[in-house]
Amino acid sequence: MSELLSDGFIKQLEGIFGPKNVSTDNTTRRTLSADYSWFSPLLKQRVRKAVADIVVWAHSPEQLKQVVELASEARVPLVARGGGTGNYAQCVPLAGGIVVDITRMRRILELDGGHAVVEPGTRLGELKAAAEKMGMTLRVYPSTYLVSTVAGFIEGGSGGVGSVEYGRLWDDNVDGVKLVGPNLDETLIQGKALEGVIHSAGTTGLITEVRLPLAPKRELSGIVVGFSGLKEALSFALRLASAPHIHKRVLSLYEPAVARYFEGSVRDRVLRGRMDVFQAFEDSYVLIAILDASAQEEASKMLPAGDTVGVEWLGGDEAEMLSDYTFNHTTLWATKQKSVTWQHAFFHPQRVAEQTFAIKEKYGDRILMHYEFIKKGGVILPAGLPIVFYEDPQELLEMLGYMKAQGIAVENIHSYHLEDRLDAQKIESIRGLKRLSDPKNILNPGKLKGY
């Protein structure tokens, strides 16, 4: 236990949260100090000893204000935690201190035809279900939406389901947040200033409220297509992703053999007998897309008949369940094997086949390609989230270096430093807000270099 967290300090926390909402239990502290950073063996090793000294459960914005003030006065590190589904040690307390669990702050405050206002611990799945009862839905959400919280996604995510249509969080997919920090009294952050909050890992403040734009709910169809070759698959995927009249939720592409890792997944039980959809294409490049059901005929006409080895359409709930095989759920199912991780890269849309062949020539089946097509700054890009087999974890950094040499934009998912994933402009926005909000650097110290 840190010397800073004296009996008197703990009593002060109990005065804010109540004794039942304050814990120094070893198992609780370790459990709520971890996330999915174990996906990376390098990151897992770097954060394995990082454990909170104490955990508290917040129920109101006022409690968040009070704990920020108390921690700032005592110079005790403070880290906010949502569902814990992040991959970058976002909520891991590198310097110990206090972890504030926000999952009990889950009220939906407003829900109208085009917007939602919610507390930070609201599960994205709960918000999605509530919005859909009103004929609306979330624009963008991670494949882990059933567990992920709204604030956790904003502070640690970037995109997901819906990004092929609406872009990433920075692309007007957050209307505003209320933020409290040592020098911020629940300030409303909007517009360009949101760059200081999105993917900031809580280094600039604790979110007390989130405002999100919604999209019309549509009837969906899912399509699983097998292609005989990579170039043909990529060509179709880019044309479908760029088709202006077809509303899309997901567009994913996998090289042969990736789909075999889907067996035994959670959705395997939910989809019951439909896993044969993937099994039939295990020797093919497999494309998964979730589309507006009204576009099914148009999308079918776009398929190059000579290059496809089979097509399967799914409707209703089964269509939406396909999202459980996309983004980092693909990684999750593959990690049932030993020595498996992933990488994150953005391919050039006109050079993606060339860049892929260079990777495969060097690494062969040690890298199994998985692409998610997303809109970034208004441009459709193939984002690579390949499954990677390694012997020595240090090889992973060599792989990143090789990809970069091929003109591929890479993000170092094996680092908890924000600078290794965000561009200079976004980092400066975060640092600018940090200087204003948290001059003592008590908020998630260590995630920004030099702090």
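Our subject is the structure that appears above.
Residues numbered from 1 in each chain as written. Predicted model: local features only at pLDDT ≥ 70, side-chain atom pairs only at ≥ 80, totals over all residues. Heavy atoms only, no water.

Participant: Account for the side chain of Lys 248, naming residues and giving values.
Facilitator: Within the secondary structure layout, Lys 248 lies in strand 12 (residues 248-254). At a separation of 3.4 Å, a polar atom in the side chain of Lys 248 contacts the main-chain carbonyl oxygen of Leu 240. Within the local environment of Lys 248, its side chain forms a polar contact with the backbone oxygen of Ala 243, the two atoms lying 2.9 Å apart. Setting aside residues up to four positions removed in sequence, Lys 248 forms contacts with Val 164, Glu 165, Leu 240, Ala 241, Ala 243, Ile 290 and Leu 291. (Helix = DSSP H or I, 4+ residues; strand = E, 2+ residues; numbered from the N terminus. Polar contact = N/O pair within 3.5 Å; in protein donor to acceptor, adjacent residues only side chain to side chain. Contact = heavy atoms within 4.5 Å.)

Participant: Tell me what's going on with the packing of aromatic side chains, and back it up with residues and numbers.
Facilitator: Tallying each qualifying case throughout the model produces 12 aromatic pairs. An angle of 45° between the planes, with centres 6.5 Å apart, marks the rings of Tyr 261 and Phe 389 as tilted. Of this pair, Tyr 261 sits in the loop between strand 12 and helix 9 (266-271) while Phe 389 sits in strand 20 (residues 387-389), and the two are 128 residues apart along the sequence. The class of Tyr 261 is buried, set by a relative accessible area of 7%. Judged by relative accessible area, which is 21%, Phe 389 ranks as partly exposed. Ring geometry for Tyr 371 and Phe 373: centres 6.4 Å apart, planes at 40°, overall tilted. For the pair formed by Tyr 371 and Phe 373, the shared burial category is buried. Taken together, Tyr 36, Trp 38 and Phe 39 form an aromatic cluster joined through their ring pairs. In this structure, Lys 376 packs its charged tip against the face of Phe 346, placed 4.0 Å from the ring centre. Here Lys 426 stacks its cationic end above the ring of Trp 170, 4.9 Å away from the centre of that ring. (Phe/Tyr/Trp six-rings, centres within 6.5 Å; stacked < 30°, edge-to-face > 60°. Buried < 20%, exposed > 50% of the residue type's maximum accessible area, 1.4 Å probe, protein only. Lys NZ or Arg CZ within 6 Å of the ring centre and 35° of its normal.)

Participant: Describe helix 15 (residues 395-405), and please don't skip the residues or the numbers.
Facilitator: Each full turn of the α-helix corresponds to 3.6 residues, which orients residues three or four apart in the same direction. Taken residue by residue, helix 15 has Glu 395, Leu 396, Met 399, Leu 400 and Met 403 as its buried positions. Taken down its axis, helix 15 places every buried residue within 145° of arc, on the same side. Among the exposed residues of helix 15, those pointing more than 90 degrees away from its buried face are Lys 404 and Ala 405. Trailing helix 15 by a residue or two, Gly 407 shows a phi angle of about 85°, which is positive. (Arc of directions from axis to C-beta.)

Participant: Give a detailed account of the pattern of salt bridges, specifying residues and quantitative values.
Facilitator: Summed over all chains, the structure comprises 22 salt bridges. Connected through salt bridges with shared partners, the residues Glu 62, Lys 65 and Glu 186 form a single ionic network. (Salt bridge = Lys/Arg side-chain N within 4 Å of Asp/Glu carboxyl O.)

Participant: How would you explain unusual backbone geometry if you had to name every residue and give the values?
Facilitator: The phi torsion at Ala 89 lies on the positive side, around 65°, for a residue other than glycine. Of note, Ala 89 is situated in the loop between strand 3 (78-81) and strand 4 (98-101). Residue class for Ala 89 comes out buried when judged on its relative accessible area of 0%.

Participant: Outline the nonpolar core, supporting the account with residue identities and numerical values.
Facilitator: Buried together is how nonpolar side chains tend to be arranged in soluble globular proteins. In terms of nonpolar packing, the biggest core is built from 85 residues, with Leu 13, Leu 78, Ile 98, Val 100, Ile 154 and Val 177 touching the most fellow members. Take this core: its biggest share by element is six residues, from strand 10 (residues 206-216). When sequence neighbours within four positions are dropped, the list of residues in contact with Leu 13 reads Gly 18, Val 22, Ile 54, Val 56, Val 67, Leu 70 and Ile 98. (Core = buried A, V, L, I, M, F, W, Y, C linked by side-chain atoms within 4.5 Å.)

Participant: I'd love a proper account of the sheet that holds strand 4, names of residues and values included.
Facilitator: Strand order in the open sheet made by the four strands is 1-2-4-3, with mixed pairing throughout. Two strands lie at the open edges of the sheet, namely strand 1 (22-23) and strand 3, each paired on one side alone. Bridging between strand 1 and strand 2 (residues 54-57) involves two bridges; their strand directions are antiparallel. Pairing of Ser 23 across the sheet is with Val 55, part of strand 2. (Pairing = 2+ DSSP bridges.)

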